[in-house]
Amino acid sequence: MLEHIPAWLGGMLHNVRAGHSKLVAVDPDLGEPGAVIDLSSPAFADGARLPERFTADGAGVSPPLLWGEPPEGTRGFALIVEDPDAPALSPLVHALLWGLPADERRLAEGAILPDGDGGADGRDVGRNSYLSQGWLPPDPPTGHGSHDYVFQLFALSDVAALDANPGRSAIVAAMAGKVLGLGLLVGTYSRGEAAPIATGAMGQAAPA
């Protein structure tokens with residue numbers, strides 16, 4: 001994992017980043033995102049530091065998420081979490097969820113877990129960049145600076161059946177031309193830097 005990269009190398013790679021322009025949310029093949037969906041977490045505010053328990057330095061569980069009403073015609077959701085600051089050619093995929101039901105409005109803490117061939121309602125946890133199912137805990141290289149972890153929730157007009165445990169490319173292809181709305185939430189994390197005091201979405205102090 002990236003936490004094992006030595007600090008001196010992380011510092012040298014400080015400006016080597018995949019780039020926010022390569023996030024799924026700005027993929028031109030998806031078309032205009034349409035409506036804005038209110039996506040938030042009770043565990044951290046948008047743009048704030050992720051509490052350690054959601055990272056490789058803590059329990060490594062996925063954070064809780066909440067979202068508002070989607071646009072009319074929504075038949076389901078897809079959730080993609082990416083790190084565009086990873087020292088790689090493409091953003092590192094930390095989670096993929098496909099086929100979330102249209103009446104879903106929340107994910108509980110720790111809900112992004114391996115699910116084999118998916119759920120009975122059609123939802124499925126896809127493969128992250130380490131080719132495993134579930135939540136890939138943030139683990140930026142020490143000294144590489146702050147990383148953004150971008151939670152991208154897509155409201156879809158149709159949710160096609162995919163092979164079990166789909167990857168990023170399969171999900172993006174299945175979403176093309178079907179995105180009705182988009183919600184964005186950013187959490188940050190870094191190693192080897194002073195950690196600011198984070199606040200939760202409701203303003204409470206949260207552990208850094």
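Residues numbered from 1 in each chain as written. Predicted model: local features only at pLDDT ≥ 70, side-chain atom pairs only at ≥ 80, totals over all residues. Heavy atoms only, no water.

Peer 1: Please explain the nonpolar core as it appears in this structure.
Peer 2: Note that soluble globular proteins tend to have their nonpolar side chains buried in a common cluster. Among the nonpolar cores identified, the biggest contains 24 residues, and L65, W67, L79, L107, I112 and F151 are the most heavily contacted of them. Sorting elements by how many residues they give to this core places strand β8 (residues 147-156) first, with four residues. Sequence-distant contacts of I112, that is, excluding residues within four places in its chain, are made with S62, L79, A95, L97, L107, V125, G134 and W135. In terms of nonpolar packing, the next biggest core, distinct from the first, is built from 16 residues, I80, I171, M175 and L182 among them. (Core = buried A, V, L, I, M, F, W, Y, C linked by side-chain atoms within 4.5 Å. Buried < 20%, exposed > 50% of the residue type's maximum accessible area, 1.4 Å probe, protein only. Helix = DSSP H or I, 4+ residues; strand = E, 2+ residues; numbered from the N terminus. Contact = heavy atoms within 4.5 Å.)

Peer 1: Please clarify how the sheet that holds strand β4 (residues 76-83) should be interpreted in this entry.
Peer 2: Think of a sheet as strands paired side by side through backbone hydrogen bonds, with each pair either parallel or antiparallel. With mixed pairing, six strands are arranged side by side in an open sheet as β1-β9-β8-β4-β5-β7. The two strands at the open ends of the sheet, each matched to only one other strand, are β1 (35-36) and β7 (124-125). The pairing of strand β5 (residues 92-101) with β7 spans two bridges and is antiparallel. What sits directly across from W98, in β7, is D124. (Pairing = 2+ DSSP bridges.)

Peer 1: I'm lost on the pattern of salt bridges in this one. Help?
Peer 2: Two side chains with opposite charge may pair up if their charged atoms get near one another. Inspection of the entire model under this criterion finds eight salt bridges. Here E69 ties to R105 by a salt bridge, and the two come within 3.1 Å at their closest N and O atoms. Of this pair, E69 sits in the loop between β3 (65-67) and β4 while R105 sits in the loop between β5 and β6 (106-107), placing them 36 residues apart in sequence. Among the salt bridges present, the one from R168 reaches E82, with a minimum N-O distance of 2.7 Å. A residue pair is termed long-range when its members are at least 10 positions apart, and R168 in helix α2 (residues 168-175) and E82 in strand β4 qualify at 86 residues. When its relative accessible area of 26% is taken as the criterion, R168 is described as partly exposed. What emerges from the salt-bridge pattern is a single network uniting E104, D121 and R123. (Salt bridge = Lys/Arg side-chain N within 4 Å of Asp/Glu carboxyl O.)

Peer 1: Would you take a moment to explain α2 for this structure?
Peer 2: Since one α-helical turn is 3.6 residues long, residues separated by three or four positions face the same way. By the burial criterion, the buried members of α2 are I171, V172, A174 and M175. For α2, the buried positions fall inside an angular range of 165 degrees around the axis, keeping them on one side. The outward face of α2, more than 90 degrees from its buried face, is lined by the exposed residues S169 and A173. The elements touched by buried residues of α2 are β4, β5, β8 and β9 (179-189). Following α2 by one or two positions, G177 has its phi on the positive side, about 75 degrees. (Arc of directions from axis to C-beta.)

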